[in-house]
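Commentary on secondary and tertiary structure
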Amino acid sequence: MSKELISLAIEELAPLIEKQEVSPVELTDAVLEQVDTLNEQNNAYIAITHESAKKAAKQAEREIAEGNYRGKLHGIPMGIKDNIYFKDEVTTMASKIHGDFVSDHDATVIEKLRDSGVVFTGKLNMHEYAWGITNNNPHFGPARNPWDLEKIPGGSSGGSGVAIAANMSIGTLGTDTAGSIRIPSSACGIVGLKPTHGLVSKYGCWPLAWSLDHIGPMTKTVTDAAAMLEALAGFDRKDPTSANVPSVKYTEKLTGNVKDLVIGVNEDYFFKNVDSEVDKLVRAGIQALVDQGAKVEVVSIPSLQYAEYAELITSLSEASTIHHKNLQERPHDFGDDIRYLFELGEIPSAVDYLQAQQIRRKIKLEFQQAFEKVDVLISPTLPLIVPNIGEDLVNINGKEVDLIENIIRFTGPGNLTGLPALSIPCGLVNGMPAGMQIMGSAFREDLVLNVAYAFEKTNPLKGARPQSLAATSVK
């Protein structure tokens, strides 16, 4: 029974927990057993909090038995990315420098999940300081993709992607500065939503690049992502970038009706230099929505040609500012890959940085103009097939190209503009998941989620599941 329980989504488990047909204790024990079984091979968790998780599960069980059911997330076990603060617990940022850092407060998102009754099972692996897309971590080791243990899970939220795909967490959070929610979601075959900048508080999350950072849900289904966003969204005075906008019941907006929806397709940027098999899957995904009544319109966003420059200058400059002191005093305590990036970040001038912000404004304006004509923009999440751990080059249609430059090409614009963007599985290429990205205008997560929900109903993965689970799942 435990094997079946941990494979269920929040939307399936919540009614069973509310009716007391499934106990949070039973579910948490099953998830922890899966973690204990798989973590040596998948390396999704940096720390596993057995004792506190079991205590929280028992409390949730008591509350529900007494008629104090808090909602869909009550009693749901979750591991959390290790750059999000827990009061009085170590938060390492997957680094050596912060290896024993203990926060005196919870992050706002942790407060919200605690209030919703979530049971926390531990801290998840990530790229050091969230500054990378492979999750090849020199201090804690690489997280491994459960679809193929030799493949990267994507990053920086690699442990989060692995945990969901391998049933080691029922839901979780990722952080996203250039794609770090959507990249591992695409690579691991799950749903990942980067909300509009300011919708979800970043207070209590170690920053990578403050003007690009986001926190959002990573889940098994679109409905789960909507449910988590309901719990996470909201104005926070402690976050200076927080937006004060009306609350939305996102789960109630999931009708699956896309009749007369206008899908924008940008061929010049979002379908340029894409692996041919990934291209086919995404175009088939668009056609599946057209078959349900949607329409397609080609849109032009000329300034996207400068997006990679603006993303690079902004992220390098802001990240190096945050880490400047440690770079001067403890350079060799950083992993080689991110130390190099921090050193690069010392090079751009104030002129370079401000020019990048002008480009951002231009790109944002052009996206706004595009969304006056279309409801959503759809593209591949990644232009490539997930590579092996340790590879710096990747093959796209017979040409060897740089992995880092290419893997963030289609996700970075969502961070530059702050617009909502979701990755949803759209099929398999050589046994590995591929993702389709759905972008919307500011604070239209309801629309983005509903389009994803309509597509999810077509069952794009056809029931496929990670190969590594077959022989090792909890019995």
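What you are looking at is a predicted structure, and each value in this text was computed from that prediction instead of being measured. (Residues numbered from 1 in each chain as written. Predicted model: local features only at pLDDT ≥ 70, side-chain atom pairs only at ≥ 80, totals over all residues. Heavy atoms only, no water.)

With respect to the pattern of salt bridges
The condition is simple: Salt bridges, as used here, are contacts in which a Lys or Arg side-chain nitrogen is within 4 Å of a carboxyl oxygen on Asp or Glu. Helix numbering and strand numbering both begin at the N terminus, where a helix is a DSSP run of H or I of at least 4 residues and a strand a DSSP run of E of at least 2. The rule is simple: take the accessible area with a 1.4 Å probe, protein chains only, and divide by the maximum for that residue type; under 20% is buried, over 50% is exposed, in between is partly exposed.
Scanning the model with the defined rule gives 16 salt bridges in all. With a shortest N-O distance of 2.9 Å, R283 and E267 are connected by a salt bridge. Highlighted residues: R283 in helix α10 (residues 276-290) and E267 in helix α9 (residues 267-270), separated in sequence by 16 residues. Relative accessible area serves as the criterion here: at 33%, R283 is assigned to the partly exposed category. In this structure, E329 engages K325 in a salt bridge whose closest nitrogen and oxygen atoms are separated by 3.0 Å. Of this pair, E329 and K325 are both found in helix α12 (residues 324-329), four residues apart, which corresponds to roughly one turn of the helix. Residue E329 shares its accessibility class with K325, and that shared class is exposed. Salt bridges sharing common partners tie together K96, R330 and D333.

As for a negative patch on the surface
For the record, the criterion: To count toward a patch, a residue needs a relative accessible area over 30% and no salt bridge; like charges are then connected within 9 Å, while nonpolar side chains (Val, Leu, Ile, Met, Phe, Trp, Tyr) are connected within 5 Å. All accessibility values rest on the Shrake-Rupley procedure with a 1.4 Å probe; residue burial counts only the protein chains present in the view. The positive count covers Lys and Arg only, the negative count covers Asp and Glu only, and His and the chain ends enter neither. To locate a charge, take atom NZ for lysine, CZ for arginine, CG for aspartate or CD for glutamate.
Together, E26, D29, E33 and D36 make up a negatively charged patch on the protein surface. Residue position: E33 is located in helix α3 (residues 24-42). Exposure remark for E33: the relative accessible area of 39% places this residue in the partly exposed category.

A word on unusual backbone geometry
For the peptide bond that leads from G155 to S156, omega is 5°, which places it in the cis range. With respect to the helices and strands, S156 occurs in the loop between β3 (119-124) and α6 (158-165). One non-glycine residue, Y129, adopts positive backbone phi at about 55°. Counting through the fold element by element, Y129 comes out in the loop between β3 and α6. Accessibility expressed as a relative area gives 1% for Y129, which makes it buried.

Some words on the packing of aromatic side chains
Our working definition: Here a pair means two rings of Phe, Tyr or Trp (six-membered ring of Trp) with centres within 6.5 Å. Their orientation is stacked below 30 degrees between planes, edge-to-face above 60, and tilted elsewhere. Working rule: Lys NZ or Arg CZ, within 6 Å of ring centre, within 35 degrees of ring normal, means a charge sits over the ring.
In total, this model carries nine aromatic pairs according to the counting rule given. With centroids separated by 5.0 Å and ring planes inclined at 85°, the aromatic side chains of F86 and F120 adopt a geometry described as edge-to-face. Of the two residues, F86 sits in the loop between β2 (77-81) and α5 (108-115) while F120 sits in strand β3, which places them 34 residues apart along the sequence. Pairwise contacts between aromatic rings join Y129, W206, F334 and F342 into one cluster. Taking the ring centre of F271 as reference, the NZ or CZ of R283 above it sits at 4.3 Å.

Considering the layout of surface pockets
In this approach the atoms are scanned with a rolling probe the size of a water molecule, which exposes any empty space left behind. Keep this limit in mind: Every definition here rests on a 1 Å grid over the protein atoms only: cavities are sets of points where a 1.4 Å probe fits but cannot get out, pockets are open sets enclosed by protein on both sides within 12 Å along at least five of seven lines, and lining residues have some atom within 4 Å of a point. Grid points are joined across faces, edges and corners, and a volume is the space filled by probe spheres set on the points. Following the grouping adopted for this structure description, the nonpolar residues are Ala, Val, Leu, Ile, Met, Phe, Trp, Tyr, Cys and Pro, the charged ones are Asp, Glu, Lys and Arg, and the polar ones are all others, Gly among them.
Its volume calculated, the largest pocket comes out at about 870 Å³. Lining the largest pocket we find 35 residues, and of these I133, L341, I404, E405 and I408 sit closest to its centre. Elements supplying a minimum of two residues to the lining of the largest pocket: α11 (307-322), α13 (336-344), α15 (403-407) and α16 (412-417). With seven residues, α11 is the single largest residue contributor to the lining of the largest pocket. A per-class count over the lining of the largest pocket returns 17 nonpolar, ten polar and eight charged. Computed from the structure, the second largest pocket encloses a volume of approximately 710 Å³. Surrounding the second largest pocket, 30 residues form its lining, S7, G189, K220, L461 and A464 being those nearest its centre.

Let's talk about the pairing of strand β4 (residues 172-176)
As a reminder of what qualifies: Strand pairing follows a simple DSSP-based rule, namely that at least 2 bridges must link the two strands.
Judged by how many residues are buried, β4 sits mostly within the fold: five of five residues are covered. With burial as the criterion, each face of β4 is covered, one bearing T172, G174 and D176 and the other bearing L173 and T175. Across five bridges, the pairing between β4 and strand β6 (residues 214-219) is antiparallel. If you follow L173 over to β6, its bridge partner there is P217.

A look at the sheet that holds strand β1 (residues 45-48)
The following threshold applies: Only the stretch in contact is used when a helix axis is fitted, and all axes are lines through C-alpha atoms; the angle between N-to-C directions ranges over 0 to 180 degrees.
One open sheet accounts for three strands, arranged β1-β3-β2; its pairing is mixed. The outermost strands of the open sheet, each flanked by one partner alone, are β1 and β2. On average, each strand axis in the sheet is inclined to that of its neighbour by 35°, with strand direction left out of account. Alignment of β1 against β3, held across three bridges, turns out to be antiparallel. Of the residues in β3, the one forming a bridge with A47 is K123.

Observations concerning the environment of A14
In this fold, A14 is placed in helix α2 (residues 10-18). With relative accessibility at 6%, the residue A14 sits in the buried group. Taking C-alpha positions, A14 is 5.1 Å from K72, a pair spaced 58 residues apart along the chain.

Here's the deal with the nonpolar core
Rules: Put simply, buried Ala, Val, Leu, Ile, Met, Phe, Trp, Tyr and Cys residues joined by side-chain atoms within 4.5 Å make one nonpolar core. Should any heavy atoms of two residues lie within 4.5 Å, those residues are considered in contact.
Residues L113, F367, I378 and L449 are the most contacted members of the largest nonpolar core, which totals 126 residues. Per element, the largest residue contribution to this core is eight residues, and it comes from helix α17 (residues 445-456). If we skip the residues at most four places from it in the chain, F367 touches F270, I301, L304, L377, P413, T417, L419 and M439.

Examining the sheet that holds strand β9 (residues 376-380)
Strand order in the open sheet formed by eight strands is β4-β6-β5-β12-β13-β9-β7-β8, with mixed pairing between adjacent strands. Unpaired on one side and paired on the other, β4 and β8 (295-298) mark the two borders of the sheet. Here the strands of the sheet are splayed against their neighbours by 30° on average, with no regard to which way each runs. When strand β12 (residues 421-429) meets strand β13 (residues 432-439), the two strands line up antiparallel, connected through eight bridges.

Overview of empty space enclosed by the protein
One pass over the structure, following the stated rule, counts two cavities of 30 Å³ or more. Surrounding the largest cavity, S186, V278, L382, L384, I385, V386, V429, M432, P433 and A434 form its lining. Looking at the lining of the largest cavity residue by residue, the classes come out as nine nonpolar, one polar and no charged. Put simply, the second largest cavity is a space of about 30 Å³. What lines the second largest cavity is P195, T196, H197, G198, L199, V200, D213, H214 and I215. When its residues are assigned to classes, the lining of the second largest cavity shows four nonpolar, four polar and one charged.

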